[in-house]
Amino acid sequence: MVDNYGAIYASTLEMAEQATLQRDILSDVGIFLLLVVLLYLFEALSFRFVVAGGLGRKLIRVFLAPGVLLHELAHYVCAVLSGFSKVRLYLLPNNTAPNVLGHVVYSYKPSLLSSIGIVLTSLAPLPIGALALVGLLNLISYLNVSDVMAVPSLWDFDNFIEYISALTREVVAISWWQGVICVYLYIVISLTMMPSYQDIKVLLVHGLFVAVLIAILCVFVAMTPYTVMPIMHLGLMLLNKGLQICVSAAFIGLVCVLLITMTMNISMNVLSAVKR
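The structure displayed is predicted, hence computed values, not measured ones.

Chemist: Looking at this structure, I do not really get the overall build of the protein chain. What am I missing?
Modeler: Tallying secondary structure elements over the protein chain gives 11 helices and two strands in all. Going residue by residue from the N terminus, the α and β elements of the protein chain occur as α-α-α-α-β-β-α-α-α-α-α-α-α. Counted over contacts in the protein chain with a minimum sequence separation of 6, partners at least 24 positions apart contribute 76%. As presented, the protein chain carries roughly 16,700 Å² of accessible surface, and 71% of it is formed by carbon and sulfur atoms.

Chemist: Just to check I follow, could you spell out unusual backbone geometry for this structure?
Modeler: Outside of glycine, negative phi angles account for most residues, and trans bonds account for most peptide bonds. The phi dihedral of Lys-86 falls on the positive side, at around 50°, and the residue is not glycine. Looking at the secondary structure, you find Lys-86 in strand S1 (residues 85-91).

Chemist: Explain the nonpolar core here, please?
Modeler: Looking at soluble globular proteins, one finds that nonpolar side chains tend to be buried together. Ranked by internal contacts, the top residues of the largest apolar core, which has 35 residues, are Leu-39, Leu-64, Leu-126, Tyr-186 and Met-193. Every element with two or more residues in this core is listed here: helix H2 (25-52), helix H6 (125-140), helix H8 (157-173), helix H9 (176-192) and helix H11 (229-275). The dominant element in this core, judged by the number of residues it contributes, is H11, at nine residues. Not counting residues within four places of it along the chain, the set of residues in contact with Leu-39 comprises Leu-126, Met-193, Met-194, Leu-243, Cys-246, Val-247 and Ala-250. With five residues, the next largest nonpolar core counts Ala-79, Phe-84, Val-87 and Val-104 among its residues.

Chemist: In this structure, what is going on with H9? I would like to understand it.
Modeler: Residues that lie three or four places apart on an α-helix share one face, since the helix turns once every 3.6 residues. Given a rise of 1.5 Å per residue, 17 residues ought to cover 24 Å, and the 24 Å separating the end C-alpha atoms of H9 matches this to within 8%. Considered for burial, the residues of H9 that qualify are Gly-179, Cys-182, Tyr-186, Ile-187, Val-188, Ile-189, Ser-190, Leu-191 and Thr-192.

Chemist: For this particular structure, what's the right way to read helix H5 (residues 112-123)?
Modeler: Given a rise of 1.5 Å per residue, 12 residues ought to cover 16 Å, and the 17 Å separating the end C-alpha atoms of H5 matches this to within 8%. For H5, the set of buried residues is Ser-114, Ser-115, Gly-117, Ile-118, Val-119, Thr-121 and Ser-122.

Chemist: Looking at this structure, I do not really get the pattern of salt bridges. What am I missing?
Modeler: Proximity of charged atoms lets side chains of opposite charge pair with each other. A complete count under the given rule lists one salt bridge for this structure. One salt bridge in this structure joins Asp-28 and Arg-23, with 2.4 Å as the shortest N-O distance.

Chemist: Is there a simple way to explain the side chain of Thr-121 in this structure?
Modeler: Summarising the element assignment, Thr-121 is placed in helix H5. We classify Thr-121 as buried; its relative accessible area is 2%.

Chemist: How should the packing of helix H4 (residues 65-81) against H9 be read in this particular structure?
Modeler: Running from amino to carboxyl end, H4 crosses H9 at an angle of 45°, the nearest separation of the two axes being 8 Å. As judged from the angle between their axes, H4 and H9 are oblique. Two packed elements cross with a definite hand, and for H4 against H9 that hand is right-handed. Residue-level contacts link Pro-66, Gly-67, Val-68, Leu-70 and His-71 of H4 to Tyr-184, Leu-185, Val-188, Ile-189 and Thr-192 of H9. Its residues assigned to classes, the contact of H4 with H9 comprises seven nonpolar, three polar and no charged.

Chemist: What should I look at first to understand the packing of aromatic side chains in this one?
Modeler: What characterises a pair of aromatic rings is the spacing of the ring centres plus the angle enclosed by the ring planes. On inspection of all chains with the given rule, the structure shows four aromatic pairs. Taken together, a centroid distance of 5.5 Å and an interplanar angle of 55° make the contact between Phe-42 and Phe-251 tilted. With a gap of 209 residues between them, Phe-42 in helix H2 and Phe-251 in helix H11 connect regions that are remote in the sequence. Here Phe-84 and Tyr-106 contribute two aromatic rings whose centre-to-centre distance is 4.7 Å and whose plane-to-plane angle is 15°, an arrangement assigned as stacked. Here Phe-84, found in the loop between H4 and S1, pairs with Tyr-106, found in strand S2 (residues 102-107); they are 22 residues apart in sequence, far enough to count as distant. When its relative accessible area of 22% is taken as the criterion, Tyr-106 is described as partly exposed. Each residue in the set Phe-84, Tyr-106 and Tyr-108 is aromatic and connected to the rest through ring pairs, giving one cluster.

Chemist: I'm lost on a nonpolar patch on the surface in this one. Help?
Modeler: Taken together, the side chains of Ile-25, Leu-26, Val-29, Leu-33, Ile-214, Met-229 and Met-232 present a nonpolar region at the surface, about 610 Å² in accessible area. Among the secondary structure elements, those contributing two or more residues to the nonpolar patch are H2 and H11. Take the nonpolar patch: its biggest share by element is four residues, from H2. With respect to the helices and strands, Met-232 occurs in helix H11.

Chemist: Can you help me understand the packing of H4 against H5 in this one?
Modeler: Two measures define how a pair of helices packs: the angle their axes make with one another and the distance between the axes. The contact between H4 and H5 brings their axes to 8 Å, and the two run at 160°. By the angle between their axes, H4 is roughly antiparallel relative to H5. By crossing handedness, the relation of H4 to H5 is classed as right-handed. The segment H4 lies against H5, with His-75, Cys-78 and Ala-79 engaging Leu-120, Thr-121 and Ser-122. In terms of residue class, the contact of H4 with H5 is built from three nonpolar, three polar and no charged.

Reading the values: rules and limits
- Residues numbered from 1 in each chain as written.
- Predicted model: local features only at pLDDT ≥ 70, side-chain atom pairs only at ≥ 80, totals over all residues.
- Heavy atoms only, no water.
- Helix = DSSP H or I, 4+ residues; strand = E, 2+ residues; numbered from the N terminus.
- Contact = heavy atoms within 4.5 Å.
- Areas by Shrake-Rupley, 256 points an atom, 1.4 Å probe, with all protein chains shown as cover.
- Core = buried A, V, L, I, M, F, W, Y, C linked by side-chain atoms within 4.5 Å.
- Buried < 20%, exposed > 50% of the residue type's maximum accessible area, 1.4 Å probe, protein only.
- Expected span 1.5 Å × (residues − 1).
- Salt bridge = Lys/Arg side-chain N within 4 Å of Asp/Glu carboxyl O.
- Axes fitted to C-alpha atoms, helices over the stretch in contact; angles between N-to-C directions.
- Parallel < 35°, antiparallel > 145°, perpendicular 65-115°, else oblique.
- Left-handed = near helix turned anticlockwise from the far one by under 90°.
- Nonpolar A, V, L, I, M, F, W, Y, C, P; charged D, E, K, R; others polar.
- Phe/Tyr/Trp six-rings, centres within 6.5 Å; stacked < 30°, edge-to-face > 60°.
- Patch = residues over 30% accessible without salt bridge, like charges linked within 9 Å, V, L, I, M, F, W, Y side chains within 5 Å.

Here it is as structure tokens:
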């Protein structure tokens, strides 16, 4: 059994070292922080344009309902899998609720496993939202999953525009009602897949606790013949790839919201001018 674990560790370490050979971990940490900032920036701008569109608070709540449902279901499922008790999901509660659009509540006993479960539960909407977007694009297009996930970085502008053009051609090729549903779901999922400010508050406490424990564990491992830094670096690279997909989705959602808002404003101005 020990030999099997040793072989798995050796093969994983070799793969990680090859993948990270020409990568700088500090650069990848910087990319991670940049991607997180871009995600929240695009989401904040998208919400501002949605509100500026004049839909009204009640209509916005209904408009975002599918994305909110997916967001809260991700919290709910992860909380249940984490072993929490009294898990409850509230969708579009009244104004006295702690979250205007939805929230999940649960009970837990303080422990290391509970802290890890809380961190995973708080972050769950992001990977679930990304998977939903990938599945949506794969469902309505002739692209396979590997093509959809091969999204280039935003700063690789030429390749990114080419990638968006290819996806746009696939959406235009389907029937108009499928295209409308696709664009609508893409917008609401990209608007609601980020952890909320309440989720971030929870992460600041439990995430810091888990991070400190991981750091202590790494120090102890460093005193042994084993090393985990290449494996952790590979994990960071994979995380950045997932965030890259999310940032691209949020950017596309922002552009769609901006175009729809501009079209609505122009139409309303034209109608007002005709009535005069």
